[in-house]
Amino acid sequence: MDRLIKCVITDDEPIARKGLKSYVEKVNFLTLTGECEDAMQLNTLLKTMQPDLLFLDIQMPRMSGLELLSTVTNPPKIIITSAYEQYALKGYEFDVIDYLLKPITFERFTKAVNKAYDIIRKEYETNGEAYIFVKSNKLLKKILIKDILFIESLENYVIIHTTESKEIVYTTLKHLFHSLPTDKFLQVHRSYIIQMQHVSSIDGNQLVVRNHKIPVARNLREKTFKTILCNHLISRD
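Parameters at a glance
Residues numbered from 1 in each chain as written. Predicted model: local features only at pLDDT ≥ 70, side-chain atom pairs only at ≥ 80, totals over all residues. Heavy atoms only, no water. Phe/Tyr/Trp six-rings, centres within 6.5 Å; stacked < 30°, edge-to-face > 60°. Buried < 20%, exposed > 50% of the residue type's maximum accessible area, 1.4 Å probe, protein only. Helix = DSSP H or I, 4+ residues; strand = E, 2+ residues; numbered from the N terminus. Arc of directions from axis to C-beta. Contact = heavy atoms within 4.5 Å. Patch = residues over 30% accessible without salt bridge, like charges linked within 9 Å, V, L, I, M, F, W, Y side chains within 5 Å. Areas by Shrake-Rupley, 256 points an atom, 1.4 Å probe, with all protein chains shown as cover. Salt bridge = Lys/Arg side-chain N within 4 Å of Asp/Glu carboxyl O.

J.: What is the right way to read the packing of aromatic side chains from this model?
T.: Aromatic ring pairs are defined here through the distance separating the ring centres and the angle between the ring planes. Counting across every chain of the model gives eight aromatic pairs. Cluster of aromatic residues (ring-pair linked, three or more members): Tyr23, Phe55, Phe106 and Phe109.

J.: Would you mind showing me how to read helix α7 (residues 221–229) here?
T.: Structural remark: α-helix, 3.6 residues per turn; residues separated by three or four positions point the same way. Every buried residue belonging to α7 is among Thr224, Phe225 and Ile228, and all of these are buried. Taken down its axis, α7 places every buried residue within 90° of arc, on the same side. Exposed residues on α7 whose side chains face more than 90 degrees from its buried face are Glu222, Lys223 and Lys226. In this fold, the buried residues of α7 make contact with β11 (185–189), β12 (192–195), β13 (199–203) and β14 (206–209).

J.: Explanation requested: a nonpolar patch on the surface in the structure shown.
T.: Residues Leu154, Tyr157, Ile168 and Tyr170 make up a contiguous nonpolar surface patch of about 440 Å² in total accessible area. Structurally, Ile168 is set in strand β10 (residues 166–169).

J.: Teacher, can you tell me more about the pattern of salt bridges here?
T.: For side chains bearing opposite charge, pairing can occur when the charged atoms are close. Summed over the entire model, instances satisfying the criterion amount to 12 salt bridges. The salt bridge involving Arg108 is made with Asp98; its shortest N-O contact spans 2.8 Å. Highlighted residues: Arg108 in helix α5 (residues 106–127) and Asp98 in strand β5 (residues 98–101), separated in sequence by 10 residues. We classify Arg108 as partly exposed; its relative accessible area is 30%.

Structure representation (structure tokens):
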């Protein structure tokens, strides 16, 4: 697996979130894409983002972590982080990867995320074709990563242009970018993300993707062209 595992921390205790965040930053195959103070915030986040892994507290105001899990369809992988061991058996009913008791040591954290890495890598490689689910036109739609041509920002929405369709999704470009493999996608403008393999040519300061011309921001041109052309440019002076 050649991409980072995108993870979200949900805990109502700021100190607990800070500790987990410091642990995540020390592990080179993890990237933190969100922090939530309670289950309701997480519920909202999951409607616009598709993380690979959740670090989830149980005892939180209004709704517990386990109560939220019972309402989520196709949840990410879960590592429970709790001060209460009596919920462990119930937690494993939700097929959680691990159950970490607070205070959590870095050694114990590392053991849990290594287990998560092995599970996620195996599923990713077995499934063959990676995908995301997006809410479009009141439906949850499955989009194969390989079919995404480019993504366009439109105020509070994005338009996902695929090989077969255009899907309008209520989210931000930033949030969606965190759900995509960083080795395949590149933000080339504040309003555009492209999938590099679908770029057919470069026309001045624009990228040609199918019959679309995507502008490249001035401050991103050097990085964009270097990334796209790296190891693929054949020229003769």
